[in-house]
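Listed below are the residues making up each chain.
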Amino acid sequence: MGACEVMAGRKRVLIVCGTAIATSTHVAARVREIARQHGIDVEIIQARVQEVPAYAGSVDLVVATTQVAYPLAVPVVSGIPFLSGIGEEQAEQQVVRYLTQGEGG
């Protein structure tokens, strides 16, 4: 799939950290940019990790900068690489893969 092809249907991504302020804001910006580069329409939701159960049933992916200790039916990607730069390419590939699954991606 080329970077200019737009995926069908908006994907909802939950970005979580301890306070839903600083680190989640940075990670949310990176995930928005990744989605834009790959033609994926996303809605970003920022929340505290304690709020994950309330959102889990209505999102396609969780990107977390802290441990998510809840059983979830959606994939969870570590957001730490988007903060540290270490492993960022692999994390980006995971985000794209999960958001394009089931859409011919």
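In this numbering scheme, every chain counts its residues from 1 along its sequence in written order. Totals for whole chains, interfaces and linings use every residue, but because this is a predicted model, local features are given only for residues with pLDDT of at least 70 and side-chain atom pairs only at 80 or more, for both listing and counting. Note that water and hydrogens are dropped before the side-chain values are worked out from all heavy atoms of the structure.

Some remarks on the pattern of salt bridges
Here, a salt bridge means any side-chain nitrogen of Lys or Arg that lies within 4 Å of a carboxyl oxygen of Asp or Glu. One pass over the full model with this rule turns up 5 salt bridges. Here Arg12 makes a salt bridge to Glu43, at a shortest N to O gap of 3.2 Å. Here Arg12, found in strand β1 (residues 11-17), pairs with Glu43, found in strand β2 (residues 42-48); they are 31 residues apart in sequence, far enough to count as distant. Throughout this description, buried means an accessible area under 20% of the type-specific maximum (1.4 Å probe, protein chains only), exposed means over 50%, and partly exposed covers the range between. Assessed through its relative accessible area of 24%, Arg12 is described here as partly exposed. Accessibility expressed as a relative area gives 28% for Glu43, which makes it partly exposed. Across the pair Arg30 and Glu92 runs a salt bridge, and its minimum N-O distance is 3.7 Å. The secondary structure listing takes helices from DSSP runs of H or I that are at least 4 residues long and strands from runs of E that are at least 2 residues long, numbered from the N terminus.

Some remarks on helix α4 (residues 88-100)
Counted at 1.5 Å a residue, the expected span for α4 with its 13 residues is 18 Å, and the 18 Å between its end C-alpha atoms agrees. Along α4, the positions that sit buried rather than exposed are Ala91, Glu92, Val95, Val96, Leu99 and Thr100. Along the long axis of α4, the arc covered by the buried residues comes to 155 degrees, so they all point the same way. Tucked into the core, α4 has its buried residues touching β1, α1 (22-37), β2, β3 (61-64), β4 (76-78) and α3 (80-84). One less than the residue count of a helix, multiplied by 1.5 Å, gives the span that helix is expected to have. Relevant arc is that of directions from the helix axis to the C-beta atoms, nothing else. Two residues form a contact once any of their heavy atoms are found within 4.5 Å.

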